[in-house]
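What the coordinates show
One-letter residues, chain by chain:
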Amino acid sequence: MIDLSLLRNEIDIIANKLKTRGFILNINLFNSIENSRKLIQIQTENLQSKCNNLSKEIGKNKNIKNNFQELKNQVLEIKKLLIINKKKLFQLKLDMKKFLLSIPNIPDPTVPIGINYSDNRKIQYWGKIKKYSFKVKDHISIGKQHNGFDWFSAVQISGSRFVIMKNKIALLYRALGQFMLDVHINQHGYSETYVPYLVNHESLYGTGQLPKFEDELFYVSTKYKKIHQNKYILIPTAEVALTNMFKNKIIHKNDLPIMLTANTPCFRAENISYGQDKKGLIRMHQFDKVEIFQISHPNQSIKTLENLTYHAERILQLLELPYRKILLCTGDMGFSASKTYDLEVWFPSQNNYREISSCSNMSDFQARRINIKYCTNKTSKKKLVHTVNGSGLAIGRTLAAILENYQQCDGTVKIPKVLQKKYMNDMNLID
């Protein structure tokens with residue numbers, strides 16, 4: 001949520017910045033709510049002042065045998081008006097909050113202005129793209145060849161865009177998650193965290209998935225004791241739980257940054273067609289992802305984003321997967337982000353790069369929504385922290401990239417060296 005004072009003092013500037021994101025700020029609606037609030041606020045303050053003065057006058061002369069009934073009646077009438085005005089103010093505050101919750105974050109000044117993917121800026125390429133002497137297969141065909149994917153049974157059990165993994169491919173999938181966690185914990189300094197997979201609506205409002213992405217979530221109902229219709233929502237990312245762990249908390253400055261990681265399933269409805277991105281493991285309703293998350297001092301969040309993005313890059317480097325780093329333009333960023341880097345891994349079957357990680361600085365956007373602050377000492381002013389998060393990495397997409405980049409002419413798949421001994425029981429091939 002952006003700072004309300006910015007809209008009150010710099011609404012035209014903010015509106016122009018948001019316009020670069022493709023978001024048109026409804027200035028008339030804001031002014032209508034704000035003007036109504038000011039008017040009723042002034043009325044309320046005047047009524048309260050008048051009520052106080054009348055009450056003092058009655059109190060001063062209560063021992064005099066005069067009839068102050070008329071004044072008392074005025075006080076009663078004013079109190080009735082105050083109750084009405086307070087209800088109006090409460091409703092206007094709700095209207096303003098609803099208005100603010102619908103506004104995306106303000107882009108960082110270093111973010112390129114653009115409309116969509118084509119306007120993103122390519123920052124860096126890493127790794128050598130292999131040349132193959134045979135016709136490359138996609139990860140779907142490779143998985144089928146090695147009896148590693150069972151799409152048919154998954155459809156019977158759950159429906160489309162679910163998968164069952166088996167045998168050595170299932171082992172590789174499990175190994176990847178453990179490998180990513182170990183690197184982030186032992187080399188990068190994150191603390192491992194286990195979080196709930198079911199969260200309430202308020203938590204998703206806190207991180208910005210609601211109200212904008214309500215159609216892309218899976219809702220859960222229960223009839224235990226009482227009927228709870230859509231009481232819970234399956235997490236679309238561990239970011240939701242990790243961020244909300246600190247709701248309404250004050251963190252000492254010396255404890256920053258806080259660095260957490262979690263390996264969780266993620267659930268996304270996403271009924272949009274994405275062409276090539278919809279095939280195989282690329283865009284599933286259920287997938288696993290290792291999340292990396294930091295709470296940062298505001299002065300350090302840009303540097304924190306660079307570090308966190310490198311932590312995700314390091315996984316790709318250790319796995320020796322070619323990738324590129326992209327700085328997203330204003331029109332392609334997520335709702336809560338002020339600046340985002342995407343990492344895109346090379347897929348030989350598509351002769352193209354596909355997103356495997358998205359790392360974002362949310363600035364104080366999420367912290368304001370759920371009230372996360374820091375202080376220097378007990379008496380110092382409390383200030384909002386910044387939150388930074390990213391994928392480190394999406395495990396299914398990483399598996400798909402390995403199957404394609406490490407395929408051999410005889411149909412076998414090499415296992416990345418970093419995984420062979422510790423994570424794959426000295427196995428060097430899927431055959």
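Refer to the structure printed above.
One structure accompanies this document, and this report is about it. This is a predicted model, so every value here is computed, not measured.

Once that is clear, we can look at helix 1 (residues 4–19). With 16 residues, helix 1 extends only 18 Å from end C-alpha to end C-alpha; this falls clearly short of the ideal 22 Å at 1.5 Å per step. Of all the bends in helix 1, the greatest, near 110°, is centred on Glu-10. Where helix 1 is buried, its residues meet helix 2 (27–60) and helix 3 (69–101).

Moving on, we come to the side chain of Arg-354. Of note, Arg-354 is situated in strand 13 (residues 352–361). When its relative accessible area of 18% is taken as the criterion, Arg-354 is described as buried. Side chain to side chain, Arg-354 and Gln-350 meet in a polar contact 2.4 Å long.

Spatially, the three strands line up as an open sheet ordered 5-7-6, and their pairing is antiparallel. Since the sheet does not close on itself, it has two edges, and those belong to strand 5 (198–199) and strand 6 (219–222), each with one partner. The pairing of strand 6 with strand 7 (residues 228–234) spans three bridges and is antiparallel. Its bridge partner being in strand 7, Tyr-219 is matched across the sheet by Ile-233.

This brings us to the state of the cysteines. Within the structure shown, the criterion is met by zero disulfides. Counting only cysteine sulfurs, Cys-359 is the nearest neighbor of Cys-266, a cysteine outside any disulfide, at a range of 14 Å.

Turning next to the packing of helix 6 (residues 167–186) against helix 11 (residues 395–405). As a packed pair, helix 6 and helix 11 sit with axes 10 Å apart at the nearest point and diverge in direction by 120°. The angle between helix 6 and helix 11 falls in the class oblique. Seen along the crossing, helix 6 lies across helix 11 with a hand that is right-handed. For the pair formed by helix 6 and helix 11, the contact residues are Ile-169, Leu-172, Tyr-173, Leu-176, Gly-177 and Met-180 on the first element and Ile-395, Gly-396, Thr-398, Leu-399, Ile-402 and Leu-403 on the second. For the contact of helix 6 with helix 11, the residue count by class is nine nonpolar, three polar and no charged.

So, about the pairing of strand 13. When you tally the buried positions in strand 13, you get seven out of ten residues, the bulk of the element. Sheet topology places strand 12 (residues 339–347) next to strand 13; nine bridges connect them, and they run antiparallel. Counted as the bridge partner of Trp-346 is Tyr-353 from strand 13. Hairpin connection between strand 12 and strand 13: a loop of four residues separates the two successive antiparallel strands, and Asn-351 in this loop has a positive phi of roughly 50°. Direction of pairing for strand 13 relative to strand 16 (residues 386–394): antiparallel, over a ladder of three bridges. Pairing of Cys-359 across the sheet is with Gly-390, part of strand 16.

Moving on, we come to the sheet that holds strand 15 (residues 383–384). Read from one edge of the open sheet, three strands run 8-14-15, paired in mixed fashion. Across the chains shown, the open sheet's two edge strands, defined by having one partner strand only, are strand 8 (250–252) and strand 15. By the bridge criterion, two bridges tie strand 14 (residues 373–375) to strand 15 in an arrangement that is antiparallel. Residue pairing across strands places Lys-373 opposite Leu-384, the latter belonging to strand 15.

Locating Leu-281 in the fold gives a position in the loop between strand 9 (258–267) and strand 10 (286–296). A residue is classified by how much of its surface remains accessible, and Leu-281, at 5% relative accessible area, is buried. Leaving out residues up to four positions away in the same chain, Leu-281 has contacts with His-139, Phe-149, Trp-151, Val-163, Met-165, Gly-396, Arg-397, Leu-399 and Ala-400.

Now for the pattern of salt bridges. Two side chains of opposite charge can pair, provided their charged atoms sit close to one another. For the structure shown, the criterion picks out twelve salt bridges. Between Asp-3 and Arg-368 there is a salt bridge whose closest N-O contact spans 3.9 Å. Of this pair, Asp-3 sits in the segment before helix 1 while Arg-368 sits in helix 10 (residues 365–370), and the two are 365 residues apart along the sequence. Look at Asp-3 and you get partly exposed, because its relative accessible area is 26%. For Lys-80, the salt bridge is made with Glu-77, and the minimal N-O distance between the two is 3.7 Å. Here Lys-80 and its partner Glu-77 are both found in helix 3, three residues apart, which amounts to about one turn of the helix.

How each quantity is defined
Numbering of residues starts from 1 in every chain and runs along the sequence as written. A pLDDT threshold of at least 70 governs which residues receive local features in this predicted model, and a stricter bar of 80 or more applies before side-chain atom pairs are shown or counted, although totals over entire chains, interfaces and linings include all residues. Side-chain numbers here rest on the full set of heavy atoms in the structure, without hydrogens or water. Only DSSP runs of H or I reaching four residues or more are called helices, and only runs of E reaching two or more are called strands; each is numbered from the N terminus. One fewer than the residue count of a helix, multiplied by 1.5 Å, yields its expected span. Bend, in this description, refers to the angle at a residue between axes fitted to the seven residues ending there and the seven starting there. Any two residues whose heavy atoms approach within 4.5 Å are treated as being in contact. Exposure classes here rest on a 1.4 Å probe applied to the protein chains alone. A residue is buried below 20% of its type maximum, exposed above 50%, and partly exposed in between. Identification of polar contacts relies on pairs of N or O atoms within 3.5 Å, with a donor-acceptor requirement for protein atoms, meaning one able to donate a hydrogen and the other able to accept it, and with residues adjacent in sequence counted only if both atoms are side-chain atoms. When DSSP finds at least two bridges between two strands, those strands are taken to pair. Criterion for a disulfide: a pair of cysteine sulfur atoms within 2.5 Å. All axes here are fitted lines through C-alpha atoms, helices being fitted over the stretch that makes contact, and every angle between N-to-C directions spans 0 to 180 degrees. Put simply, angles under 35 degrees are roughly parallel, angles over 145 are roughly antiparallel, angles from 65 to 115 are roughly perpendicular, and the rest are oblique. A clockwise turn of the near helix away from the far one marks a right-handed crossing, whereas an anticlockwise turn of less than a right angle marks a left-handed crossing. Put simply, Ala, Val, Leu, Ile, Met, Phe, Trp, Tyr, Cys and Pro go in the nonpolar bin, Asp, Glu, Lys and Arg in the charged bin, and everything else, Gly too, in the polar bin. Any carboxyl oxygen of Asp or Glu that lies within 4 Å of a side-chain nitrogen of Lys or Arg is treated as forming a salt bridge with it.

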